[in-house]
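Examination of the molecular architecture
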Number of protein chains: 2
Amino acid sequence: MVKKERLVKNITAKSEDFSRWYTEVIRKAELADYAPIKGMMVIRPYGYAVWENIQKLMDKRIKETGHENAYFPMFIPESLLEKEAEHLEGFSPEVAWVTHGGNDELEERLAVRPTSEAIIGSMYSKWIKSYRDLPVLINQWANIVRWEKVTRPFLRTTEFLWQEGHTAHATAEEGQAETLKILDLYREFAETELAIPVISGEKTEKEKFAGAEMTYCIEALMTDGKALQMGTSHDLGQHFSKVFNIRFEDQDQQLQYAWQTSWGVSTRLVGAVVMAHGDDSGLRFPPRIAPLQVVIVPITIGEDWKETVLPVAQNTARILSEAGVRVKLDDREGFTPGWKFSEWEMRGVPLRLEIGPRDVKNHKTLAVRRDTREKQPLSLDNLAPQVQSLLDKIQQNLFDQALQFREDNTHEVEDYEEFKSVIEERRGFIKTFWCGGSECENRIKEETMATIRVVLMEADRTEASGSCICCGEQGRKQVYFARAY
Amino acid sequence: MVKKERLVKNITAKSEDFSRWYTEVIRKAELADYAPIKGMMVIRPYGYAVWENIQKLMDKRIKETGHENAYFPMFIPESLLEKEAEHLEGFSPEVAWVTHGGNDELEERLAVRPTSEAIIGSMYSKWIKSYRDLPVLINQWANIVRWEKVTRPFLRTTEFLWQEGHTAHATAEEGQAETLKILDLYREFAETELAIPVISGEKTEKEKFAGAEMTYCIEALMTDGKALQMGTSHDLGQHFSKVFNIRFEDQDQQLQYAWQTSWGVSTRLVGAVVMAHGDDSGLRFPPRIAPLQVVIVPITIGEDWKETVLPVAQNTARILSEAGVRVKLDDREGFTPGWKFSEWEMRGVPLRLEIGPRDVKNHKTLAVRRDTREKQPLSLDNLAPQVQSLLDKIQQNLFDQALQFREDNTHEVEDYEEFKSVIEERRGFIKTFWCGGSECENRIKEETMATIRVVLMEADRTEASGSCICCGEQGRKQVYFARAY
């Protein structure tokens, strides 16, 4: 039991120091490690498995909605990036530049892609000639580099992995519909697969993507009361198509600029799962994206456990694996069952099955839920459906808990003084009205560090209008404020 | 029919100019396009789908043999790369260097990974402490940059996609066994999934990976008689573990350096498929990795084809899709069936199903194989198993044809004069003996442009010894020579 105590002592409690807990649990659970380059991380197998599960489930949705994957170069010539001043200005402080190839200095610097609108736009101008070529619905899974000053594993790293969709359409309406379709796809994905309830809406002019007509996003509340942007969908209008000359002949033989969208989610989602569901003991993975859904711990009591308990544990692992459950049998020697319990709790495995000599006699196993710590014996007969049903319940419960947390931490306030004290003392979302002026937006950010996370779309507004929390002027922009990552 | 003629005219015949045929078919079939950066390409959806199929089938094998995926940073500090002189020297003419992040010059240049031994080695030295931590079996799917002077789509591009396995073991024997296990996995993969027969063996000292004890590879013969290296597996011994200080305490509490391996295949495999199976009319995809396995072309004769033929074609597409066949119904208007036939032939779809008014009456479809152009009517009853059986036959036939081609083009020669004339006039492999001296190896390369593709392993030798084709000295190195990509 010495080892167990050491392990538990080593993790800072989440309630004590959230930020330390976050980085500690990520390293101790072996999701990621720091790399020998400032701001970069190594995604270790246990963390990468989460990303693979996310990829698989997201890729399925992207393809089912008619998109195809492709791959574009990660280097973008400076002249191409410069074509769009607003876009370049938005990204240029964050661009890593390649200046030498082998022993030669390059004639032109190459940007390591901070996003791919420019390179993809230049190709679309070659491929799109007629309305018959539209829509173009392409997605890419790729690595991205943004030179960040302050970094944190998964949430903000110099290099990260993402998917970026880039589409082109024959009409503004189609482009807009695509943007909103993807926004809804992201919302449904976050809620179904990650068990994270999100709010969706528009970004303000100040917060939108450099070059977009409109940026939509999904935002979630982390358990420290800070908000996290989990995905964005941009209606690019004809902005980039005019810059990169993406023109098509419409049905009336008129030349038109294409309407475009772009949208993405990244490895940041792994950080979201950690922060939305974790507790003092460590991670709590939603079963649908958990690297391991079930861990089987044989109770190594008595001298003959290898003859009695182990074969039953092995058989149970095999049965579950064949039923499509991601299961691990932890039959390591030299570690007590108790040590293994706390190890796998810390690493967030949704369900633990204990099998001891008495269980073998009774043809049972003791199931322990990570989310509630509830224990219940399960018959070893017909085990897979019982396990699947428990995993479904855990998935639902994590979502319900996160939703409850968000509701408990979404505040309505009377005036700006109360706004300030709520943000400072209680964090969470503040749902209120805003006049739409950048003066108020900037003042609130400066004074409280809170930003407008979303401006609700008309259908989502719970009131038609209200007075701006800062200046008091009547406005129709119902918004969510929060301090954010 | 104007369009059909134009299409066919536009492709250079393979037999006429192989190199032009290759680049033309890749662009016209929309596998890839040139990017606005020298030596880089865009992998278009039709080409990327081939890579996705390769990834999926390869990833399964990599995981089934106990490996896990992870992700390491793509930037490697110059000082880390410099730690291993031989390795740096091998790659330094090909390294792209990042010198600026945002507006600031970096204190240390960062290499864009030309391969990941250095960055992964530096992490393994942190993770590996005890024999209990071994083996470490990690694979990564990533993009790689090598500044190439002469490039060709898929075969050699400045940026390419690959998987790279990096493992660490407690003994030399284990490392060696891993290297050979992967070599065999690659061979089986190439033959089963890509329908490309390969020879496997060792590289010579001159051709081996910078820093490896021994490099093994698989090599195939392309239909122009040149060889292509399709995958490599390196036994790294303790070379990198000594440089990066990857040490573990063994069971006797002694500190030991770990034994390592690394291995990879890349998007080059897509080029291999093109060159191994294509013909004068274009691509011929092996069904197991084809983006589309079946194309259904409705015969648009008569005014009522939309009421009669189209619903049957749609239903057929649905049935095949539900049975797991990658199928496309080409119901575009404004293109004749004949134009569609040659379009999908050029794009290499293994099987075409034609459905016309008469077929609908007879409840049949005409199946046309891409590999042999054989036609046979199939009943629309129970169609999926018939289609699957034809696809299996096509897969096997493509392999058989490639094997026959290789056998017909593997030459044994009497002397060096015959060697020279065979290489010049007939190409293909020359199977012979080599003394093992670099003088002969270099002279042959200079005089004939042929290199030693593999040195056969003992079990694969067909003769125990022979005289060197160059100097005549007796030797035990039975080798395959060829001009290569």
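Note that the coordinates shown come from a computational prediction; the quantities given were computed from them, not determined experimentally.

A separate point is the overall build of chain A. For chain A, the helix and strand inventory stands at 15 helices and 25 strands. Relative to the globule expectation of 23 Å for 485 residues, the C-alpha radius of gyration of chain A, 25 Å, shows essentially globular dimensions. Considered along the principal axes of its C-alpha atoms, chain A spans approximately 80 × 55 × 50 Å. Expressed as a percentage of the 485 residues in chain A, the buried residues total 49%. Within chain A, counting contacts between residues at least 6 apart in sequence, those at least 24 apart form 68% of the total.

Here chain A is described as being made up of domain 1 (2-277), domain 2 (292-388) and domain 3 (410-482). For domain 1 of chain A and domain 2 of chain A, the distance between their C-alpha centres works out to 39 Å.

Contacts between chain B and chain A engage 41 residues on the former and 41 residues on the latter. The dominant element in the side of chain B that touches chain A, judged by the number of residues it contributes, is strand β5 (residues 96-101) of chain B, at six residues. Of the residues that constitute the side of chain B that touches chain A, the class distribution is 27 nonpolar, eight polar and six charged. Sheet topology places strand β5 (residues 96-101) of chain A next to β5 of chain B; five bridges connect them, and they run antiparallel. From the neighbouring strand, H100 of chain A faces β5 of chain B, where its bridge partner is W97 of chain B.

What follows covers the relation of the copies chain B and chain A. Placing chain B over chain A gives an RMSD of 0.0 Å and needs a rotation angle of 180°, together with 0.0 Å of translation along the axis. Here the two chains are linked by the operation of a two-fold rotation axis. The position closest to the rotation axis in chain B is occupied by the C-alpha of V98 of chain B, lying 2.1 Å away. The residues that chain B uses at the interface reappear at the interface of chain A in 100% of cases, marking a shared surface.

Residue and element names in this part refer to chain A. Their axes nearest at 9 Å, the elements helix α10 (residues 305-322) and helix α13 (residues 383-408) cross at an angle of 65°. By the criterion of interaxial angle, the relationship of α10 to α13 is roughly perpendicular. As α10 packs across α13, the resulting crossing turns out to be right-handed. Each of T316, I319 and L320 in α10 lies in contact with α13, whose residues at this interface are L383, A384 and V387. Tallied by class, residues from the contact of α10 with α13 come to five nonpolar, one polar and no charged.

On to the sheet that holds strand β6 (residues 104-112) of chain A, then. With antiparallel pairing, the six strands of this open sheet are ordered in space as β4(A)-β6(A)-β5(A)-β5(B)-β6(B)-β4(B). The strands lining the two open edges of the sheet, one partner per strand, are β4 (75-77) of chain A together with β4 (75-77) of chain B. Each strand axis lies, on average, 45° off the axis of its neighbour in the sheet, ignoring direction.

Let us now look at α13 of chain A. When the terminal C-alpha atoms of α13 of chain A are compared, their 37 Å separation across 26 residues agrees well with the 38 Å that a helix rising 1.5 Å per residue should span. For α13 of chain A, the full list of buried residues reads L383, V387, L390, L391, I394, Q395, L398, F399, A402 and R406 of chain A.

Residue and element names in this part refer to chain A. Cis geometry marks the peptide bond from L134 to P135, where omega comes out at -5°. Position of P135 among the secondary structure elements: in the loop between α6 (117-127) and β7 (136-145). For M449, which is not glycine, the phi dihedral falls at a positive 65°. Mapped onto the fold, M449 is located in the loop between α15 (438-448) and β22 (451-455).

As a further point, take the environment of T223 of chain B. Relative to the elements of secondary structure, T223 of chain B occurs in the loop between β10 (214-221) and β11 (227-237). Looking at T223 of chain B, the number of C-beta atoms within 10 Å reads 19, which means it is partly exposed.

Glancing now at the sheet that holds strand β15 (residues 294-298) of chain B. Residue and element names in this part refer to chain B. Strand order in this open sheet of five strands is β16-β15-β17-β18-β19, and the pairing throughout is mixed. A strand with exactly one partner marks an edge of an open sheet, and here the two such strands are β16 (327-329) and β19 (375-379). Strand-to-strand twist in this sheet, taken as the mean axis angle between neighbours without regard to direction, amounts to 25°. Where β15 lies against strand β17 (residues 351-355), five bridges are found, and the strand directions are parallel. Looking at β17, one finds that I296 is bridged to L353. The strands touched by helix α11 (residues 337-346) within the sheet are β15 and β17, with β15 carrying the most contacts at an inclination of about 170°. Sheet strands touched by helix α13 (residues 383-408): β15, β17, β18 (364-369) and β19. Its angle to β17, the strand with the most contacts, is close to 145°.

Residues and elements named next belong to chain A. Direction of pairing for β4 relative to β6: antiparallel, over a ladder of three bridges. When the bridges of β6 are listed, F75 appears paired with V112. As consecutive antiparallel partners, β5 and β6 are separated by two residues, and within that stretch G102 has a phi angle of approximately 65°, a positive value.

Scoring rules and cut-offs
Each chain carries its own residue numbering, running from 1 in the written order of its sequence. All chains are assigned letters beginning with A, and all ligands numbers beginning with 1, in the order in which they are written. In keeping with the model being predicted, local features are shown solely for residues with a pLDDT of at least 70 and side-chain atom pairs are shown and tallied solely at 80 or more, while totals for entire chains, interfaces and linings include all residues. Runs of E in the DSSP output that reach at least two residues are strands. Runs of H or I that reach at least four are helices, and both are numbered from the N terminus. C-alpha atoms define the radius of gyration in this analysis, and the globule rule sets the expected value at 2.2 Å times the number of residues to the power 0.38. With C-beta atoms placed from the backbone, a residue counts as buried when 20 or more other C-beta atoms lie within 10 Å of its own, as exposed when 12 or fewer do, and as partly exposed for counts between those limits. With C-beta atoms placed from the backbone, a contact is any residue pair whose C-beta atoms sit within 7 Å. Note that domain bounds follow an automatic or database assignment of domains. In this classification, Asp, Glu, Lys and Arg are treated as charged, Ala, Val, Leu, Ile, Met, Phe, Trp, Tyr, Cys and Pro as nonpolar, and every other residue, Gly included, as polar. Strands qualify as paired when DSSP identifies two bridges or more between them. Overlaid copies result from least-squares superposition on C-alpha atoms, with residues included only where pLDDT is at least 70 in both. Angular values range over 0 to 180 degrees, each being the angle between N-to-C directions of two axes fitted as lines to C-alpha atoms, with helices fitted over their stretch in contact. If an angle is under 35 degrees, it is roughly parallel; if it is over 145, roughly antiparallel; if it lies from 65 to 115, roughly perpendicular; otherwise it is oblique. Each crossing gets its handedness from the near helix: less than a right angle anticlockwise from the far helix is left-handed, clockwise is right-handed. Each residue after the first adds 1.5 Å to the expected span of a helix.

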